[in-house]
Amino acid sequence: MPIEFGPEYVRRLAPYQAGKPISEVAREFGLDEAGIVKLASNENPLGMPESARKAMLAAVSDIGRYPDANGFVLKKAISAKYDVPEDWITLGNGSNDILELAAHAFVQPHESVVYSEYSFAVYALATQGVGARAIVVPSVHYGHDLGAMARAIESDTRLIFIANPNNPTGTFVPAAEIEKFLVAVPPEVVVVLDEAYNEYLAPQLQYESVAWVRQYPNLLVSRTMSKAYGLAGLRVGFAIAQPGLTDLLNRIRQPFNVNSLAQAAAVAALNDKQFLHESAQMNAAGYVQLTEAFDAMGIEYVPSFGNFVLMRAGNDDAAGSRVNLALLKLGVIVRPVSNYGLPQWLRISIGLPEENTAFLNALKKALAE
Ligand SMILES: Cc1ncc(COP(=O)(O)O)c(C=O)c1O
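None of the values given here were measured: they were computed from a predicted structure.

Visitor: Break down the sheet that holds strand E12 (residues 335-336) for me, with residues and values.
Guide: With respect to topology, four strands assemble into an open sheet ordered E9-E10-E13-E12, the strand pairing being antiparallel. A single partner strand is all that each edge strand has here, and the edge strands are strand E9 (301-302) and E12. Inspection of the sheet shows E12 paired to strand E13 (residues 345-349) by two bridges, in the antiparallel sense. The partner of Pro336 across the bridge, within E13, is Leu346.

Visitor: Lay out the pairing of strand E6 (residues 190-194) in plain terms, naming residues and giving numbers.
Guide: When you tally the buried positions in E6, you get five out of five residues, the bulk of the element. Burial along E6 is two-sided: the face carrying Val190, Val192 and Asp194 and the face carrying Val191 and Leu193 are both buried. Here strand E5 (residues 157-163) pairs with E6 via five bridges, running parallel. Bridge pairing in E6 places Ala163 opposite Asp194. For the crossover that starts at E5, traverses helix H8 (residues 175-184) and ends in the parallel E6, the hand is right-handed. The pairing of E6 with strand E7 (residues 219-224) spans four bridges and is classified as parallel. Residue pairing for E7: Leu193 is matched across the bridge by Val221.

Visitor: Can you tell me about the nonpolar core, naming the residues and giving the values?
Guide: By size, the foremost hydrophobic cluster in this structure holds 60 residues, and its most contacted members are Ile78, Ile160, Leu219, Met225 and Leu231. No other element matches helix H11 (residues 260-270), which puts seven residues into this core. Discounting chain neighbours no more than four positions away, the residues touching Ile78 are Asp83, Ile89, Leu91, Phe238, Ile240 and Leu270. Grouped together as the second largest cluster of nonpolar side chains are 33 residues, Leu99, Val122, Ala126 and Ala132 included.

Visitor: Go over helix H4 (residues 72-82) with me, naming the residues and quoting the values.
Guide: Within H4, burial applies to Leu74, Lys75, Ala77, Ile78, Ser79 and Tyr82. For H4, the secondary structure elements touched by its buried residues are strand E2 (89-92), helix H9 (209-215), E7, strand E8 (237-241), helix H10 (243-252) and H11. Just past H4, the residue Asp83 takes up positive phi, approximately 55°.

Visitor: Requested: an account of the packing of helix H12 (residues 273-297) against helix H14 (residues 353-368), with residues and values cited.
Guide: Packing of H12 against H14 leaves a shortest axis separation of 10 Å and a crossing angle of 20°. The orientation of H12 with respect to H14, classified from their angle, is roughly parallel. Remark: the crossing between H12 and H14 carries right-handed chirality. Two secondary-structure elements touch here, H12 through Met282, Gly286, Gln289, Leu290, Ala293, Phe294 and Met297 and H14 through Pro353, Asn356, Thr357, Phe359, Leu360, Leu363, Lys364 and Leu367. The residue inventory of the contact of H12 with H14, partitioned by class, reads 10 nonpolar, four polar and one charged.

Visitor: Explain the domain arrangement of the chain to me, using residue names and the numbers behind them.
Guide: Assigned domains within the chain: domain 1 (8-47 + 274-368) and domain 2 (62-270). Each of domain 1 and domain 2 has a C-alpha centre, and these two points are 25 Å apart. With 30 residues of domain 1 at the contact, the number on the domain 2 side is 31 residues. With both chains or domains summed, domain 1 and domain 2 bury close to 2,500 Å², and 66% of this area falls on carbon and sulfur atoms. Applying the counting criterion to the domain 1 and domain 2 interface returns zero salt bridges. Our count for the contact surface shared by domain 1 and domain 2 stands at nine residue pairs in polar contact (both at pLDDT 80 or more). Of all the elements in the fold, those that place two or more residues in the side of domain 1 that touches domain 2 are H12, strand E10 (308-312) and E13.

So, how was this worked out
Residues numbered from 1 in each chain as written. Predicted model: local features only at pLDDT ≥ 70, side-chain atom pairs only at ≥ 80, totals over all residues. Heavy atoms only, no water. Pairing = 2+ DSSP bridges. Helix = DSSP H or I, 4+ residues; strand = E, 2+ residues; numbered from the N terminus. Buried < 20%, exposed > 50% of the residue type's maximum accessible area, 1.4 Å probe, protein only. Right-handed = clockwise from strand over helix to strand, strands pointing away. Core = buried A, V, L, I, M, F, W, Y, C linked by side-chain atoms within 4.5 Å. Contact = heavy atoms within 4.5 Å. Axes fitted to C-alpha atoms, helices over the stretch in contact; angles between N-to-C directions. Parallel < 35°, antiparallel > 145°, perpendicular 65-115°, else oblique. Left-handed = near helix turned anticlockwise from the far one by under 90°. Nonpolar A, V, L, I, M, F, W, Y, C, P; charged D, E, K, R; others polar. Domains from an automatic or database assignment. Buried area = accessible area lost by both parts, 1.4 Å probe. Salt bridge = Lys/Arg side-chain N within 4 Å of Asp/Glu carboxyl O. Polar contact = N/O pair within 3.5 Å; in protein donor to acceptor, adjacent residues only side chain to side chain.

What follows is the structure, given as structure tokens:
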């Protein structure tokens, strides 16, 4: 018998399935990298903002030194933008880091964590990674059922994850429902409100989650620079919460979890309103382009509030992987979601207009096969 290392709950972990990189698909299918369209990881199709590129390049000369462990300048910028004290902010190596830190800081093995069916895959990983028990609440119309989630809380529940909008389904819970939920949750249970796609919400749907942070000491709002800010490769996210939570996250955070180039670029991107505006506009137009085509083709999709759309590839459980493979052969990378329990569906990130067109043309061929 080989020796088994580590706890059983770590051995049982299924690793996160990331979107396939362009280089890998080119190698695997003998395609030219330049012709491949990747709509698989909810990245910003505009790439990084020019302001961030400049700031990052200026920071390169100092790369022989460690980054600022406290992220002084970046925290100042976040503090000014959201009108919160700097000691309410935790920086993360992407917001994924924040989600992991929350599980490690607030949950012990065998305690429980509540999240929704079809919600972001990292919630399950973070829960299992600390040996906690997952309470997965059935979704309603592919979205969060906050009433059922409040009722699912048990005496050993320490943490709740909510994605708003949710990935991979794109669903959105209106502000009034979240507020009702926050009132219902016991004050000793931590709520992580993961707003990775917040910047894509139409102005009439935007809400002041930071105002709730002032009111609820058990609320942590998580944000990322990976989506609308166009910095996915640099890995920057942050949490806003009162010091009772923030202090604990910062005790277990790696001191240099956000590197110098990332900090410099993030400061510039945070203040680049024009880029954010362009990104949201392009996304809204791309959403119309994709969903009008889906409507015309009779393809079912879940109305989305993020920078991606979940579409039904077919009515059998092999449909997602079949259509995905056909698309890969045509040089289009999208995201299969069978690991979410959605084998009939594919998630399509919204791209540049010409990328969306290339995807739709390939989809027509793939579905005709
Ligand atoms: C809902 C949600 N939260 C968090 C993340 C993590 O993103 P990052 O670690 O790049 O900030 C993602 C990425 O896909 C996401 O979809």
